[in-house]
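# Structural overview for review
So the chains spell out like this:
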Amino acid sequence: MWIVCGIVAFLALLITVILMLPVSIIIKNDDDDQLILRYKFLWMIFGEDPNPDAPLTKALKKASGISQLETDRLKSSAEEVGLSTTVLQTVQIVFDLLREVVRVLKYATMKRFYIKLVCAEEDAADTAISYGKCCAVVYPLVGFVQSVMKVRKKGQHLDISCDYLGGEEQLRFDFVISVRLCHLLSALLRIVLKEAKRTADAEMESAKDVSQA
């Protein structure tokens, strides 16, 4: 009996420790300006070779409702239930996803916030105007990020400059967001439950229409 209790307690402790571990989300661009999205948990890095046709990826998309946002699904849905209903369902899915993202960000920490931007136009006046526009976008963005999550000062680096000699424009960014696994799983569970309820309600409504026909 004590052995069983000890095993259960050990497993409970192990699961608790794993759920409290951080997951790092890495967002940056490479030398070819291609977006790179990676996930790091412990020593393992995921997303290096994303496969949209992988069974797990498909299952997550379907369970979370993201698959409903694909172009083909939107077109078929509009034909089946009408455009207005499709738009309403799409807005509900996007709103639920954004709400969970904002909720998770409250528990997240921006470990690295790197932006390097070089403004360069053929004319010096145009370069100065471009610099002003970039500052008007970047600095409010920084303020917004700092308002929704913690940002490590040591990991923050903003470099917006001008090249009046007409050189090459440059935009480099590198973001690392850390959040505990339990918060991600909680958000995913809420999204899945809401999507399951939407699907069940839609099926009930469809069955009701068929019975009344």
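As shown above, the structure is provided for reference.
Reading the values: the criteria
- Residues numbered from 1 in each chain as written.
- Predicted model: local features only at pLDDT ≥ 70, side-chain atom pairs only at ≥ 80, totals over all residues.
- Heavy atoms only, no water.
- Helix = DSSP H or I, 4+ residues; strand = E, 2+ residues; numbered from the N terminus.
- Buried < 20%, exposed > 50% of the residue type's maximum accessible area, 1.4 Å probe, protein only.
- Contact = heavy atoms within 4.5 Å.
- Areas by Shrake-Rupley, 256 points an atom, 1.4 Å probe, with all protein chains shown as cover.
- Salt bridge = Lys/Arg side-chain N within 4 Å of Asp/Glu carboxyl O.
- Patch = residues over 30% accessible without salt bridge, like charges linked within 9 Å, V, L, I, M, F, W, Y side chains within 5 Å.
- Phe/Tyr/Trp six-rings, centres within 6.5 Å; stacked < 30°, edge-to-face > 60°.
- Lys, Arg positive; Asp, Glu negative; His and termini not counted.
- Charge placed at Lys NZ, Arg CZ, Asp CG, Glu CD.
- Core = buried A, V, L, I, M, F, W, Y, C linked by side-chain atoms within 4.5 Å.
- Pairing = 2+ DSSP bridges.

## Focus on the overall build of the protein chain
A count of helices and strands for the protein chain gives six helices and seven strands. For the protein chain, the sequential pattern of α-helices and β-strands runs α-β-β-β-α-α-α-β-α-β-β-β-α. For the protein chain, the residues scored as buried account for 25% of the 213 residues in total. Residue pairs at least 24 apart in sequence account for 72% of intrachain contacts in the protein chain once pairs closer than 6 positions are excluded. Per element, the accessible surface of the protein chain, about 15,000 Å² overall, is 64% carbon and sulfur.

## Overview of the pattern of salt bridges
In this structure the tally under the stated criterion is five salt bridges. In this structure, the salt-bridge partner of Arg 112 is Asp 174, at a minimum N-O distance of 3.0 Å. On the criterion of sequence distance, the pair formed by Arg 112 in strand S4 (residues 109-119) and Asp 174 in strand S7 (residues 170-180) is long-range, its members being 62 residues apart. Notably, a salt bridge pairs Lys 116 with Asp 159, separated by 3.2 Å at the nearest N-O pair. Of this pair, Lys 116 sits in strand S4 while Asp 159 sits in strand S6 (residues 156-162), placing them 43 residues apart in sequence. Accessibility expressed as a relative area gives 21% for Lys 116, which makes it partly exposed. When salt bridges that share partners are traced, they join Glu 100, Arg 103, Arg 190 and Lys 194 into one network.

## Details of a nonpolar patch on the surface
A contiguous nonpolar patch, built from Leu 37, Tyr 39, Leu 42, Trp 43, Met 44 and Phe 46 and spanning about 620 Å² of accessible area, is present on the exposed surface. Taken together, the elements giving at least two residues each to the nonpolar patch come down to strand S2 (35-41) and strand S3 (44-46).

## Regarding the packing of aromatic side chains
Using the criterion set out here, one finds two aromatic pairs in the structure. Consider the rings of Phe 173 and Phe 175, whose centres lie 5.6 Å apart with planes at 20°: the pair is stacked. An aromatic cluster is defined as three or more aromatic residues linked by ring pairs; in this entry it consists of Phe 113, Phe 173 and Phe 175.

## Comments concerning the side chain of Ser 24
Its location among the elements puts Ser 24 in strand S1 (residues 22-29). Aside from chain neighbours lying at most four places away, what touches Ser 24 is Arg 38, Tyr 39, Lys 40, Lys 111, Val 176, Ile 177 and Ser 178.

## Some thoughts on a negative patch on the surface
Taken together, the side chains of Asp 32, Asp 33, Glu 168 and Glu 169 define an acidic patch exposed on the protein surface. Turning to its location among the elements, Glu 168 is positioned in the loop between S6 and S7.

## Structural notes on the nonpolar core
Residues Met 110, Phe 113 and Met 149 are the most contacted members of the largest nonpolar core, which totals 22 residues. Elements with a contribution of two residues or more to this core: helix H4 (83-105), S4, helix H5 (124-148) and S7. At six residues, H5 tops the list of elements feeding residues into this core. Every residue in contact with Met 110, bar those within four places of it in the chain, is listed here: Val 145, Met 149, Lys 150, Val 151, Arg 152, Phe 175, Val 176 and Ile 177.

## Here we look at unusual backbone geometry
Not every positive phi belongs to a glycine, and Leu 42 is a case in point at roughly 55°. Checked against the element boundaries, Leu 42 lands in the loop between S2 and S3. Residue class for Leu 42 comes out partly exposed when judged on its relative accessible area of 42%.

## Remarks on the pairing of S2
Pairing geometry for S1 and S2, over seven bridges, is antiparallel. If you follow Ile 26 over to S2, its bridge partner there is Arg 38. In sequence, S1 turns back onto S2 through a hairpin of five residues, with Asp 33 there showing a positive phi of about 60°. Of the strand pairs in this sheet, S2 and S3 are connected by three bridges, and their pairing is antiparallel. Each residue of the ladder has a partner; that of Phe 41, found in S3, is Met 44. Two successive antiparallel strands, S2 and S3, enclose a turn made up of two residues, where Leu 42 displays a positive phi of approximately 55°.

All we've got here are geometric facts, nothing functional implied.
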